[in-house]
Structure formats: structure tokens, C-alpha cells
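# Breakdown of the fold
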Amino acid sequence: MHTWLVTGGAGFIGGNFVLSAVAAGVRVINLDALTYAGNRDTLASLAGHPGHVFVQGDIGDRELVARLLAEHRPDAVVNFAAESHVDRSIDGPAAFIQTNVVGTLGLLECSRDYWRSLEGQAREAFRFLHVSTDEVYGSLGDSGKFTEQTPFAPNSPYSASKAASDHLVRAFHHTYGLPVLTTNC
């Protein structure tokens, strides 16, 4: 049975991802700070389910993240955790920098250290999946499309903080070899 540490797993997208993963037989350790975007009701059908462990906490809490990695030995980290509302980022950008940049950095450092402790097939199979946004590419206008080759052009504190986190994820791959994937859905 696979085990994944999913962050932001009580948010709208993360919660639905967790429901699908558990239904597919994946054991999910679900770390969510339950801020304005988190909703435990999304996960109500998993109450008491042995394949779902919910932990209320922040991705920036390095001690907590390191403990969860050591205790549950996941095959992957899936990072949905983010401050994600453009208007909120305009009114208060500091929270976006704290979660999306500093929090992601902490999660990456803990994941890197955990990955380094793995051996053999477990080390080869491990992945860090970072869920980003297409807003890192800027604004499309009335037509067109973004590709993975589109230059970053963030236009809000939210998209700038997600672009920064994307760059950190990329840097952890190129600097440390951490096996990462980023999706800009």
C-alpha cells in the first residue's frame, strides 16, 4: 500500500484529491492548517477510515513535518497547501509569502532530508509533487494558451508567491537531486 503525505488536503482541490486517493487504496496522511480555505466537512466520509490520518498543522512547522515523515514513511509528498485568493493577497501579501514561499521552503527541506534517509527502491520511487497555478504565467486576455515554456509573469502577490515556490521546487531538484514534479493546472 502506498502512503502519501498530502498538504492542504482539506481544501477544495486537495480534499477531493484525498477522497480519490483513499478510494484508490492509498494511505493518506493529510496535513492542513484549516485556515479560511480548509473544510473538514469535505472529508466527513473518511471519519474513522484506517487509510486516512488527519493532522491539523502548518507546512511551515518543520518539527511537525519531519515527525510525520519519519513516523509514516510516505512514498510521496503532494503539496496543495497554499494561500490562494488573489484579492486576499492584495489586501495582505505577507501571509502569502509566509505560506507559499517560507512554508514551501520548510516542506522542501524536510522532504529533502527525509528522501536522503531512504535507501534503494524507496529512494528511487519517492516524489515531491508541487501543485501550483497557471497564474504564474500572467494574464491571457481573450484568447491563447499557456504552455510549460511560457515565461513567468505573475501579476499579483498571490501569483508571485506561487512563482517563487515553483522556483524553489525546481532549485531543490537541480541543487539536491530531489525528485520533483510541478503542475501549473
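The structure we're discussing is the one just above.
Keep in mind that what you see is a predicted model, and the values were worked out from it rather than measured.

## Structural notes on the overall build of the protein
Scanning the protein from N- to C-terminus turns up 6 helices and 6 strands. Helices (α) and strands (β) of the protein occur, in sequence order from the N terminus, as β-α-β-β-α-β-α-α-α-β-α-β. For 185 residues, the compact-globule formula gives about 16 Å, and the C-alpha radius of gyration of the protein, at 16 Å, lands near that figure. Along the longest, intermediate and shortest principal axes, the C-alpha atoms of the protein span 45 × 40 × 30 Å. Out of the 185 residues in the protein, the part that is buried amounts to 43%. Contacts spanning at least 24 positions in sequence make up 68% of the contacts within the protein whose residues lie at least 6 apart. If you sum the accessible surface of the protein, you get close to 9,300 Å²; carbon and sulfur atoms cover 53% of it. Across the protein, the centroid of the 13 positively charged side chains sits 7 Å from that of the 19 negatively charged ones.

## Quick notes on the nonpolar core
By size, the foremost hydrophobic cluster in this structure holds 23 residues, and its most contacted members are Leu-31, Phe-128 and Leu-178. Those elements giving two or more residues to this core turn out to be strand E2 (27-32), helix H2 (62-72), helix H4 (93-117) and helix H6 (157-176). Tallying contributions element by element places H4 first for this core, with 5 residues.

## A look at the pattern of salt bridges
Tallied over the full model, the rule gives 3 salt bridges. Residue Glu-109 pairs with Arg-62 through a salt bridge whose shortest N-O separation is 1.9 Å. Here the residue Glu-109 occupies a position in helix H4, and Arg-62 occupies one in helix H2, the gap between them amounting to 47 residues. Owing to a relative accessible area of 36%, Arg-62 belongs among the partly exposed residues under this scheme. Across the pair Arg-112 and Asp-113 runs a salt bridge, and its minimum N-O distance is 3.0 Å.

## What about the side chain of Ser-165?
Tracing the sequence through the fold places Ser-165 in helix H6. Given the relative accessible area of 0%, Ser-165 is considered buried. When near neighbours in sequence (up to four residues on either side) are disregarded, Ser-165 contacts Asn-100, Thr-104 and His-130.

## Describing unusual backbone geometry
A negative phi angle characterises most non-glycine residues, just as the trans form characterises most peptide bonds. Here the phi dihedral of Leu-34 falls at roughly 55°; this positive angle occurs in a residue that is not glycine. The exposure class assigned to Leu-34 is partly exposed, which follows from its relative accessible area of 25%. Of note in this structure, Arg-73 is not a glycine but carries a positive phi near 50°. When its relative accessible area of 42% is taken as the criterion, Arg-73 is described as partly exposed.

About the cut-offs
Residues numbered from 1 in each chain as written. Predicted model: local features only at pLDDT ≥ 70, side-chain atom pairs only at ≥ 80, totals over all residues. Heavy atoms only, no water. Helix = DSSP H or I, 4+ residues; strand = E, 2+ residues; numbered from the N terminus. Rg over C-alpha atoms; globule rule 2.2 N^0.38 Å. Buried < 20%, exposed > 50% of the residue type's maximum accessible area, 1.4 Å probe, protein only. Contact = heavy atoms within 4.5 Å. Areas by Shrake-Rupley, 256 points an atom, 1.4 Å probe, with all protein chains shown as cover. Lys, Arg positive; Asp, Glu negative; His and termini not counted. Charge placed at Lys NZ, Arg CZ, Asp CG, Glu CD. Core = buried A, V, L, I, M, F, W, Y, C linked by side-chain atoms within 4.5 Å. Salt bridge = Lys/Arg side-chain N within 4 Å of Asp/Glu carboxyl O.

Treat this as a map of the structure, not an account of what it does.
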